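Structure assessment
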Amino acid sequence: MNQEPFEEVKDEMVDMEHAVAEEILADVAYYRTLMVNVAFIGEPGTEDWVLVDCGIGHYAKRIIEAAEKRFGNIAPKAILLTHGHFDHVGSAKKLAQHYDVRIYAHPFEMDYLTGKRSYPVGDSTVGGGLMSILSPFYPTKPVDLSNWVHPLPDDGTVPHLKHWRAIHTPGHTPGHVSFFRNMDGTLLSGDAFITVKQESSMAVFIQHQHVHGPPAYFTPNWIEAEKSVKKLAALNPRTALTGHGLPMEGELFQEQLLELALNFKELAIPKHQSKLH
């Protein structure tokens, strides 16, 4: 079964008054599409802004509404993808069509974004929560964004974002990337690590903040996932917006990220998987 589990969520069912981006920094804001965040990089009113990730399906109108409230009727310069899982690209095609802009992703993610290759089916045996149990029914078939998607530059530069760099952080997917701004330590980590226990529907509902490893049910390569968390922790980021969960900043966030990096096997890898690594 590969039907979208959130297919019933339609744009017209939601009051657009609630489609508002929440500001983290003067030029970084986010909007949560049911269970996953999209990011807006750019100060309010600017003509130079970029969208990061596209949320689940049927959220295009709400993402556009949130963007218009922040930037006016101005299209983003580009759409960036941390990776191609269904909850990060669900509205990508409609947004690309609406804005007529390029989408950028890591070269290793291209097959999953051009209809050529499917992700592994979700693992219901990890995490012990409802989100994990349902994960085999989450969509894994590739989207086809061939008309819009382009590879990110090999040198780590990010189109239209002068002070940011793309960091290859595989494990959750082969071409997963995070985006980092060294000048103030701002990190968009995608699902390399997150700030909610995504395997638990209750944790997702109440959005209890704590640094966790990537969503276990969709992470096939734990060796690479651990290396990616260690790589990001070494940057000593001060503020993070992750793919799932609320933004975190300051000493508590830094302590929890370091703890995760140092004790990744015990804190993130499912027990039956840890024996293999």
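Residues numbered from 1 in each chain as written. Predicted model: local features only at pLDDT ≥ 70, side-chain atom pairs only at ≥ 80, totals over all residues. Heavy atoms only, no water.

Focus on the confidence of the model for the protein
Using the following cut-off: pLDDT gives the predictor's per-residue confidence on a scale running from 0 to 100. Numbering of helices and strands runs from the N terminus, with a helix taken as a DSSP run of H or I at least four residues long and a strand as a DSSP run of E at least two residues long. The contact definition used throughout considers only heavy atoms, calling two residues in contact when any of these lie within 4.5 Å.
Per-residue confidence for the protein gives a mean pLDDT of 90; residues scoring 70 or more make up 87%. Per-residue pLDDT, averaged within each element of the protein, yields its smallest value for helix 6 (residues 201-206) (48) and its largest for strand 10 (residues 177-181) (99). Scored below 50 in pLDDT, residues 1-12 makes 33 contacts in the model with residues more than four places away or belonging to other chains. Long-range and interchain partners of residues 200-204, a stretch whose pLDDT sits below 50, account for 13 contacts in this model, where long-range means more than four residues apart.

Regarding the sheet that holds strand 1 (residues 22-25)
Whether parallel or antiparallel, the strands of a sheet pair through hydrogen bonds between backbone atoms. Quick reminder of the rule: At least two bridges found by DSSP between two strands is the condition for calling them paired. Helix axes are fitted only over the stretch in contact, all axes being lines through C-alpha atoms; the angle between N-to-C directions runs from 0 to 180 degrees.
Spatial strand order, 1-2-3-4-5-6-7: seven strands in an open sheet with mixed pairing. Among the strands making up the open sheet, the edge pair consists of strand 1 and strand 7 (149-151). Between one strand axis and the next, the sheet turns through 30° on average, direction left out of account. The pairing of strand 4 (residues 50-52) with strand 5 (residues 78-80) spans three bridges and is classified as parallel. Considered in strand 5, the bridge of Val52 is made with Leu80.

As for empty space enclosed by the protein
One way to see where empty space is left: roll a probe the size of a water molecule over the atoms. For clarity, the threshold we go by: Here a cavity is any set of points on a 1 Å grid over the protein atoms alone where a 1.4 Å probe fits but cannot get out, and a pocket is any open set with protein on both sides within 12 Å along at least 5 of 7 lines; a residue lines the site when it has an atom within 4 Å of a point. Grid points are joined across faces, edges and corners, and a volume is the space filled by probe spheres set on the points. Amino acids are sorted into nonpolar (Ala, Val, Leu, Ile, Met, Phe, Trp, Tyr, Cys and Pro), charged (Asp, Glu, Lys and Arg) and polar (every other residue, Gly among them).
Per the counting criterion, the structure on display carries one cavity of 30 Å³ or more. In this structure, the largest cavity spans a volume of roughly 70 Å³. For the largest cavity, the full set of lining residues is Asn37, Val38, Ala39, Val52, Asp53, Thr82, Leu188, Gly190, Leu241, Thr242 and Gly243. Those elements that place two or more of their residues in the lining of the largest cavity are strand 3 (36-41), strand 11 (186-190) and strand 12 (239-242). Counting residues per element, the lining of the largest cavity draws most heavily on strand 3, which supplies three residues. Taken together, the residues of the lining of the largest cavity break down into five nonpolar, five polar and one charged.

Side note on helix 1 (residues 60-71)
The criterion, for reference: To estimate how far a helix should extend, the number of its residues minus one is multiplied by 1.5 Å.
Over its twelve residues, helix 1 extends 16 Å from the first C-alpha to the last, a length consistent with the 16 Å expected when each residue adds 1.5 Å. Just past helix 1, the residue Gly72 takes up positive phi, approximately 80°.

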